[in-house]
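Structure at a glance
Listed below are the residues making up each chain.
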Amino acid sequence: KAGVTQTPRYLIKTRGQQVTLSCSPISGHRSVSWYQQTPGQGLQFLFEYFSETQRNKGNFPGRFSGRQFSNSRSEMNVSTLELGDSALYLCASSGGGLNYEQYFGPGTRLTVT
Amino acid sequence: KQEVTQIPAALSVPEGENLVLNCSFTDSAIYNLQWFRQDPGKGLTSLLLIQSSQREQTSGRLNASLDKSSGRSTLYIAASQPGDSATYLCAVTSQGGSEKLVFGKGTKLTVNP
């Protein structure tokens, strides 16, 4: 069974631009969550989606948004990029219940210059 | 607000040593606890999931225990190998219907040959 895939793996953008990251969960998984990882703050929760509905949202500004499609694939978008948005963005998928393990993708490394 | 702490932040041991990594959390109302491993620049690999009703889980040379009432978990690694060198992260899912993971900052383990 294929794991969680994320595209692109690496991205370089300039301040003020916007970016869209994609995540394809493990086949059959309906829950997708996004996390931001930085050296200073560690791993911080961005959003959680289940069956195309946002189930929970972290404490990030409105420039960060996401969505989930009917095939459970998810995208996150960051508008008006700032230098502080440089981070590793990780996506996790699970079967959708609290007893399920969460499996992470390799991440997208975003650099904002 | 749930907070997760991991001690020590870094650990260096000789090959073959048994070792224990510690994780503590402030709110005992968790649903489960998951241990992950992260290699530099990579995503997270799930090691063990302990549900709140369980006391421990084992996988190969790894054993994780959970004491929910005291807010503590330990990850025991037997007969450590250089390939075990990585950052180990502990994360909890709190009760409330969301799969949001709250992470510790991790323990960076180095196993010297």
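These lines cover the structure that appears in this document, whether it is placed above or below.

**Considering the interface of chain B and chain A**
Facing the 21 residues of chain B at the interface are 25 residues of chain A. Summing the contributions of chain B and of chain A, the shared interface buries around 2000 Å²; its carbon and sulfur component is 51%. Remark: the boundary between chain B and chain A carries 1 salt bridge. Across the pair Glu99(B) and Arg55(A) runs a salt bridge, and its minimum N-O distance is 2.7 Å. Contributions of two or more residues to the side of chain B that touches chain A are made by β4 (30-38), β5 (44-51), β9 (86-94) and β10 (101-103) of chain B. Its residues assigned to classes, the side of chain B that touches chain A shows 7 nonpolar, 10 polar and 4 charged.

**Some words on the nonpolar core**
Within the largest apolar cluster, 24 residues are counted, with the highest numbers of intra-cluster contacts made by Leu33(B), Trp35(B), Leu75(B) and Tyr88(B). Listing elements by their share of this core, those giving two or more residues are β3 (19-25), β4, β5, β7 (62-67), β8 (72-77), β9 and β11 (107-112) of chain B. Among residues more than four places away in sequence, those in contact with Leu33(B) are Cys23(B), Phe25(B), Leu48(B), Leu49(B), Ile50(B), Leu66(B), Ser73(B), Cys90(B), Ala91(B) and Val92(B). Formed by 21 residues, the second largest nonpolar core is a distinct cluster that contains Leu11(A), Ile26(A), Val78(A) and Tyr89(A).

**So, the environment of Gln18(A)**
Residue and element names in this part refer to chain A. Here Gln18 is to be found in the loop between β2 (10-13) and β3 (19-24). Along the backbone, Gln18 and Ser93 are 75 residues apart, and their C-alpha atoms lie at a distance of 24 Å. Contact partners of Gln18, with chain neighbours within four places excluded, come to Lys13, Asn77, Val78, Ser79, Thr80 and Leu81.

About the criteria used
- Residues numbered from 1 in each chain as written.
- Chains lettered and ligands numbered in written order.
- Predicted model: local features only at pLDDT ≥ 70, side-chain atom pairs only at ≥ 80, totals over all residues.
- Heavy atoms only, no water.
- Contact = heavy atoms within 4.5 Å.
- Buried area = accessible area lost by both parts, 1.4 Å probe.
- Salt bridge = Lys/Arg side-chain N within 4 Å of Asp/Glu carboxyl O.
- Helix = DSSP H or I, 4+ residues; strand = E, 2+ residues; numbered from the N terminus.
- Nonpolar A, V, L, I, M, F, W, Y, C, P; charged D, E, K, R; others polar.
- Core = buried A, V, L, I, M, F, W, Y, C linked by side-chain atoms within 4.5 Å.
- Buried < 20%, exposed > 50% of the residue type's maximum accessible area, 1.4 Å probe, protein only.

These figures come from the coordinates and say nothing about function on their own.
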